[in-house]
Amino acid sequence: MPNKGRSVKRRDGQEEEEEVVPVKQMKVVNSSAPLRFDSPHDFFQSLMDPVGLDEFFQHYWEQKPLVLHRSDPDLASYYGSLFQLSDLKQLCARGLRYATDLNVCRCVDGKKKVLNKAGKVKFSQLKKDLEERKGTIQLHQPQRFKDELWRIQERLESFFGSLVGSNVYITPQASQGLPPHYDDVEVLILQLEGQKHWRLYQPTVPLAREYSLEPEDRIGPPTHDFILQPGDLLYFPRGTIHQADTPAGVEHSTHLTLSTYQNTSWGDFMLDVIPGCVFDRMSRDREMRSGLPRNLLTAPSLGPDINKRMCAFLRRLADGLERDDHELRSTAMKRDFISHRLPPYLLDQAQLEPAGKPPSLEDTVCIRFKEHLLLTVEPSQDRTDEATELVVFVLHSLKNKRETHMMGTSDEDEEEEEEEEVVSQGLRFPWSHLAALKQLLCGDRVSAAQLQLRQDEDKAGLLLGLWSEGLLQVCQTP
């Protein structure tokens, strides 16, 4: 990102004018973590222990809060290593900035009061704001700086297939940072230092799609009232009204908020896939290709006849999906996820380069970084006189920038990304290569000669393209 003042748009829709200065990462990795990182499934199960995943998703996910009091010294020690107040001193020396990287705020009379200064953050000022002004420090996306948080969130993004953001909150004793509110994300709270007193309330908007404050005189009594200790975990669904404070006598409290499933509903999925369904249906439905009534777009209102016509088209579209067993095509949601998620957790970037020798048709091959790769089928954007054809894109996150994960982009950056997206995020292949690509993604080891393509030159081209991008390697002989 260019180091100049500009309007920065976050995923919460807010804009901030701020100079962006990259901050170096803190290379600290806990190799003896009490969590299991072997696979995304194993990691999430170890994170939620002793609650099993079946129980969690059947009884809690998107339904009700879950509080896990652990009393586990090893887990408490590990949580404490993820981020501490002392870590801020090192980060401030490396270039943190107000608003962009952190906020200082306090809940006063049920309202959020922002205590930010301008420009770069000084740790001495943060300490004063924490101790004298009772301000809460909110650090945005600490996975940009701490390797162990990168590892945690990379596993979570692979498990959920959805972006995972985070914030660290450090609140002094007898103080509260934010007023009662609800969020548009599923939330996991990890208590890192001290104690945090939480109150949760019945949602006024279940599974909310936006952030909102809720006055205390409207939310009624809390459904949950408890204190988290280091090593404890809290989950609650989007829309859950909540507020938290640090009790008196506790020097300060530090917790990590992990958030996911923003704009990942069935409604969002329908907005993504229905345009492709209409596109396909139009090719064989003459009535859908017939013209609109004259001046329909300039009419002050559309009227009931138009609604009826639209309902008829939608019924035919639904009937066609059921009858033809049509495969839905997600494009926008897939591209948003793969282009903004974390890259694979690697400290040695050389591991992302092509591995081993180039593949030949005599080899057995396998996909690398499978959790960071996906396929989309999209209409070709080539401007030709021929009929529009479908093409396959192999998208991946190997080249994503951890330093900007979940930090939003400026309008200028978005325009540049749209132009460079195909080049920077993956490879394009003819639609005829789709079966072979699925074969590679679904199998652990695939004989190159057995790829589902007619021509050997197509097989060789596919393999070389994936290998050159670092996505494929020749398997070792068992």
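Residues numbered from 1 in each chain as written. Predicted model: local features only at pLDDT ≥ 70, side-chain atom pairs only at ≥ 80, totals over all residues. Heavy atoms only, no water.

Remarks on the overall build of the protein chain
Tallying secondary structure elements over the protein chain gives 14 helices and 22 strands in all. For the protein chain, the proportion of its 478 residues judged to be buried stands at 50%. Within the protein chain, contacts between residues at least 6 apart in sequence are counted, and of these 79% link residues at least 24 apart. Accessible surface, the protein chain: about 24,600 Å² in total, of which carbon and sulfur atoms supply 50%. (Helix = DSSP H or I, 4+ residues; strand = E, 2+ residues; numbered from the N terminus. Buried < 20%, exposed > 50% of the residue type's maximum accessible area, 1.4 Å probe, protein only. Contact = heavy atoms within 4.5 Å. Areas by Shrake-Rupley, 256 points an atom, 1.4 Å probe, with all protein chains shown as cover.)

Side note on the pattern of salt bridges
Using the criterion set out here, one finds 25 salt bridges in the structure. The closest approach of N and O atoms between Arg341 and Glu157, which form a salt bridge, is 3.8 Å. In this pair, Arg341 sits in the loop between helix H11 (332-340) and strand E17 (364-367) while Glu157 sits in helix H6 (residues 147-160), placing the two residues 184 residues apart along the sequence. An identical accessibility class is assigned to Arg341 and Glu157; each is buried. (Salt bridge = Lys/Arg side-chain N within 4 Å of Asp/Glu carboxyl O.)

Focus on the sheet that holds strand E18 (residues 373-379)
By way of backbone hydrogen bonds, the strands of a sheet pair with one another, either parallel or antiparallel. The strand order across the open sheet formed by three strands is E18-E19-E20, and the pairing between neighbours is antiparallel. On the outer flanks of this sheet lie E18 and strand E20 (426-430), each paired with one strand and no other. Each adjacent strand pair in this sheet contributes to an overall mean axis angle of 25 degrees, direction not counted. Two elements, strand E19 (residues 390-396) and E20, share five bridges in a ladder whose sense is antiparallel. Paired with Val394 across the strands is Leu427, a residue of E20. (Pairing = 2+ DSSP bridges. Axes fitted to C-alpha atoms, helices over the stretch in contact; angles between N-to-C directions.)

Observations concerning the environment of Gly110
Counting through the fold element by element, Gly110 comes out in the loop between strand E4 (102-108) and strand E5 (111-114). Overall, the relative accessible area of 43% leaves Gly110 in the partly exposed class. A C-alpha to C-alpha distance of 7.6 Å links Gly110 and Pro180, two positions 70 residues apart in sequence.

Focus on unusual backbone geometry
Each neighbour pair has its own omega, and for Asp49 with Pro50 the value is 10 degrees, a cis peptide bond. Position of Pro50 relative to the elements: it lies in the loop between helix H1 (40-48) and helix H2 (53-59). For Phe369, which is not a glycine, the phi torsion comes out positive at approximately 55 degrees. Topologically, Phe369 is positioned in the loop between E17 and E18.

Points about the packing of aromatic side chains
Across all of its chains, the model carries 19 aromatic pairs by this definition. On the basis of an interplanar angle of 20 degrees and a centroid distance of 4.6 Å, the ring pair of Phe44 and Phe159 is categorised as stacked. Residue Phe44 is located in helix H1, and its partner Phe159 is located in helix H6; the two are separated by 115 residues in the primary sequence. A centroid spacing of 5.0 Å and a plane angle of 80 degrees characterise the contact between Phe56 and Phe57, whose relative ring orientation is edge-to-face. A connected cluster of aromatic rings, assembled from ring pairs, spans Phe44, Phe56, Phe57, Trp61, Phe159, Phe160, Tyr235 and Tyr261. The ring centre of Phe393 lies 4.9 Å from the NZ or CZ of Arg335, which sits over that ring. (Phe/Tyr/Trp six-rings, centres within 6.5 Å; stacked < 30°, edge-to-face > 60°. Lys NZ or Arg CZ within 6 Å of the ring centre and 35° of its normal.)

What about the nonpolar core?
Of all hydrophobic cores here, the largest spans 50 residues; its most connected members are Leu47, Leu88 and Leu102. In contact with Leu47, other than residues within four places in its own chain, are Leu35, Arg70, Tyr79, Leu156, Leu188, Leu190 and Leu233. Counting 26 residues, the second largest nonpolar core, distinct from the first, contains Leu346, Leu352, Leu462 and Leu471. (Core = buried A, V, L, I, M, F, W, Y, C linked by side-chain atoms within 4.5 Å.)

Considerations on helix H3 (residues 73-82)
Buried within H3 are the following residues: Leu75, Ala76, Tyr78, Tyr79, Gly80 and Leu82. Contacts from the buried residues of H3 go to H1, helix H4 (85-92), H6, strand E10 (186-193) and strand E14 (233-236). Taking the backbone nitrogen of Asp74 as reference, a side-chain oxygen 3.0 Å away marks Asp72 as the first, capping residue of H3. (Polar contact = N/O pair within 3.5 Å; in protein donor to acceptor, adjacent residues only side chain to side chain.)

Here's the deal with the pairing of strand E16 (residues 252-260)
Burial runs high along E16: nine of the nine residues are buried. Summarising the sheet, strand E7 (residues 164-172) and E16 pair through nine bridges and their orientation is antiparallel. Residue pairing for E16: Tyr169 is matched across the bridge by His255. In this structure, E10 lies alongside E16, joined through seven bridges in antiparallel fashion. Looking at the pairing, Val187 lines up with Ser259 of E16.

Here's the deal with the sheet that holds E5
Pairing within the open sheet is antiparallel, and its eight strands lie in the order E3-E14-E10-E16-E7-E6-E4-E5. The open sheet is flanked by strand E3 (66-68) and E5, the only strands paired with a single partner. If you compare each strand with its neighbour and ignore which way they point, the axes differ by 25 degrees on average. Sheet topology places E3 next to E14; three bridges connect them, and they run antiparallel. Its bridge partner being in E14, Leu68 is matched across the sheet by Leu233.

Digging into the environment of Gly276
Along the polypeptide, Gly276 turns up in helix H8 (residues 266-282). On the basis of relative accessible area, Gly276 is assigned to the buried category, the value being 16%. Along the chain, Gly276 and Val377 lie 101 residues apart, while their C-alpha atoms are 9.6 Å from each other.

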